Amino acid sequence: MSDHPYSGANTRRNIFAFLAGKVPTAILTATLLGMLARHLTASEFGRYVVCMAMLEVALGFTTVGLDWVILRYAPVYRLHSTRGKLIGLIARVAVVRVLVLMLVSVVLVVLPRFFPAGVGQLPADLVWYFVLLLVVEGSLRIVRDNALEALSLQARLQIIMITKSLLLIAALSYMGAHDAGTARLMLIAEAAAAGICLILSMAFMLAGLKSMGEADPVWTAPTFGQMRQVALFNYGSGIVEYLFSTSFLILVLGRFQPPATMAGVGFVVRLIEIIRNYLPGMLVFSLVRSRMIGSYARDRNFDELRMWAQFLFKISLLTLLPVCGIAALYGREVLELASAHRYGEYGVLFAVLTFWLGLRLHRLILAVVFNAADMMQRWARACALSLLVLPPLLLIGPTRLGVWFIPAALLGGEVVLNVLALRTMRRAGNEWNTGWNWIVRSLLALAAGIGAAALLPHADLAWLVAGMVLLTMVYGIGALVLTIIDRNDRQLINRSSGRTLFKGV
């Protein structure tokens, strides 16, 4: 059918819902970060940062590849199978996920009794609250982040994201009014918000699948062996990804740095995550990801898959670069404004991590291509080899490197993985044009923008905003003059929007 869940028309509807939801979510997320910096002391915020980093690492290491089973096969089941079998697939994955999380929770509770340092830097008085959050948040993400995305139910997903942010802001407002902001109360609030959103997610998922039609009589369901292969290969590469994640590196650094320092690093990392999640290119990444996998599963056209992947990277990087320029020129001022003058000293770290996002974007897009094209084994091998970056850095020591241990590990891992993945893809007979020509021209446009903005004084907020606007305008003009968006890009923009935004192409 022409309007299947992963068609261009339905994708455009989802993009509209996605963007409509992401605007308030971005505002709410930034508000939440600012409130955390104001209502929690540096020590309590540092404890909260460590707990949330541990949460991300624990969730990542316990996926067992189940998230990719849903992302890879839920679109296929929705196109070819029945509602009952699709819900059965998601339910089985969710049950296994919850059992794994409960087992890990038992280990976290019991381990300190035998090995006091066994849970690393997780504060002992927060363990019970942490394991509650671990189980509830892990269950939520299977339904919200995996199932709703894979089933192309973005409007419902955005409602849940907004709801959770509002619940957390309400909890922080209460803490601020009673001067009672602590890491313990924040973990309780996180768990309660996740529980409410889990119930809402399941209701939305069931309602969104009511319109499924009859099963395709000639379709053969994937075997357990195929699903296991997807899970294991992606779990292997996912382990590497989490070893290079900001959350894991924060835990490593947290063993050598005081809570006050970790609060500053955690604030910068959270701000970087907000930037990454709300870049225009990344705003549509989850939508395009499910469509890329669904379309390739239907047509098996690698050229089309590669074309959309490279276009997505180009748009993502072009929208990231002015943010990199602003961070490089005004990093300290931005952090002081966002943190109520607490963490401005980490401005250089903030700028370096914004440039790292460019490599991270390329890695995320390559992961989708490798999975859609059934090259998970090659992707897992490239991920494993990138681990060779970590031993030298650990030998030098996080104590000697200080906060720079994090960007050194992140940048080194991304460079190695991207290079190995591209070599692997080309050896498999699949061409991939990185686009160095337009990347260099983009950097020239950015340099012009930074140079123009640097001429303005750094006096107050008004001059800060004026400099950001000037930098972005000069960068945009430079991008137009250097024709970074070419004819093929304009054609893809027309196809994506469903309208003739660019004529004569």
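Residues numbered from 1 in each chain as written. Predicted model: local features only at pLDDT ≥ 70, side-chain atom pairs only at ≥ 80, totals over all residues. Heavy atoms only, no water.

*Asks:* What is the right way to read the overall build of the protein from this model?
*Replies:* The secondary structure content of the protein amounts to 21 helices and zero strands. For the protein, the residues scored as buried account for 53% of the 505 residues in total. Long-range contacts, defined here as pairs at least 24 residues apart, represent 82% of the contacts in the protein between residues at least 6 apart. When the accessible surface of the protein is summed, it comes to about 21900 Å², and 66% of that surface belongs to carbon and sulfur atoms. (Helix = DSSP H or I, 4+ residues; strand = E, 2+ residues; numbered from the N terminus. Buried < 20%, exposed > 50% of the residue type's maximum accessible area, 1.4 Å probe, protein only. Contact = heavy atoms within 4.5 Å. Areas by Shrake-Rupley, 256 points an atom, 1.4 Å probe, with all protein chains shown as cover.)

*Asks:* Any chance you could explain the side chain of R360 here in plain terms?
*Replies:* Looking at the element boundaries, R360 is found in helix α14 (residues 347–372). Apart from residues lying up to four places away in sequence, R360 is in contact with E241, F244, S245, R276 and E414.

*Asks:* Hey, could you run me through the packing of aromatic side chains in this one?
*Replies:* Aromatic ring pairs: the centre-centre distance and the angle between the two ring planes describe each pair. Summed over the entire model, instances satisfying the criterion amount to seven aromatic pairs. Arranged with centres 6.5 Å apart and planes meeting at 25°, the rings of F45 and Y48 form a pair that is stacked. Taken together, the residues span about one helical turn, with F45 and Y48 both in helix α2 (residues 42–61) at a distance of three residues. An identical accessibility class is assigned to F45 and Y48; each is buried. (Phe/Tyr/Trp six-rings, centres within 6.5 Å; stacked < 30°, edge-to-face > 60°.)

*Asks:* Honestly, unusual backbone geometry in this entry has me stumped. Any pointers?
*Replies:* Phi is mostly negative for residues that are not glycine, and the peptide bonds are mostly trans. In this structure, V64 is a non-glycine residue whose phi angle is positive, near 55°. By the secondary structure assignment, V64 is in the loop between α2 and α3 (66–80). Its identity is not glycine, yet T483 carries a phi of approximately 45°, on the positive side. Tracing the sequence through the fold places T483 in the loop between α20 (461–481) and α21 (487–497).

*Asks:* Is there a simple way to explain the side chain of T62 in this structure?
*Replies:* Its place among the elements puts T62 in the loop between α2 and α3. Overall, T62 belongs to the buried group, its relative accessible area being 8%. Ignoring anything within four residues of it in the chain, the contact list for T62 reads R97, V100, L101 and V104.

*Asks:* Where do I start with the environment of Y330 in this structure?
*Replies:* For Y330, the location among the structural elements is in helix α13 (residues 302–338). As a C-alpha pair, Y330 and A351 span 21 residues in sequence and 8.7 Å in three-dimensional space. Apart from residues lying up to four places away in sequence, Y330 is in contact with A453, H458, L464, G467 and M468.

*Asks:* What should I look at first to understand helix α9 (residues 246–254) in this one?
*Replies:* Turn by turn, an α-helix covers 3.6 residues, leaving residues three or four places apart pointing in a common direction. With respect to burial, α9 is a largely interior element, eight of its nine residues being buried. Of all the residues in α9, the buried ones are T246, S247, L249, I250, L251, V252, L253 and G254.

*Asks:* In this structure, what is going on with the environment of M307? I would like to understand it.
*Replies:* Relative to the helices and strands, M307 is located in helix α13. Assessed through its relative accessible area of 28%, M307 is described here as partly exposed. For M307 and N488, which are 181 residues apart along the polypeptide, the C-alpha to C-alpha distance reads 9.6 Å.

*Asks:* What am I meant to see in the nonpolar core here?
*Replies:* The tendency in soluble globular proteins is for nonpolar side chains to be buried side by side. By size, the foremost hydrophobic cluster in this structure holds 124 residues, and its most contacted members are F45, Y48 and F350. Of the residues forming this core, the biggest block, 16 residues, is contributed by α13. The residues touching Y48, leaving out its near neighbours within four places in the chain, are L36, L40, A183, M186, L187, E190 and R270. Counting residues in each nonpolar core, the second largest holds 35 residues, with V69, L140, A147 and L198 among its members. (Core = buried A, V, L, I, M, F, W, Y, C linked by side-chain atoms within 4.5 Å.)

*Asks:* So what exactly am I meant to see when it comes to the pattern of salt bridges here?
*Replies:* As a working rule, side chains carrying opposite charge can pair if their charged atoms are close by. If you walk through the whole model with that rule in mind, you get 11 salt bridges. A salt bridge links D125 to R47, with the nearest nitrogen and oxygen atoms 3.0 Å apart. Here D125, found in the loop between α4 (83–114) and α5 (127–150), pairs with R47, found in helix α2; they are 78 residues apart in sequence, far enough to count as distant. In this structure D125 comes out as partly exposed when scored by relative accessible area, which is 47%. Across the pair E190 and K164 runs a salt bridge, and its minimum N-O distance is 4.0 Å. Here K164 lies in helix α6 (residues 154–177) and E190 lies in helix α7 (residues 183–208), a separation of 26 residues in the sequence. No difference in accessibility class separates E190 from K164, as the two residues are buried. (Salt bridge = Lys/Arg side-chain N within 4 Å of Asp/Glu carboxyl O.)

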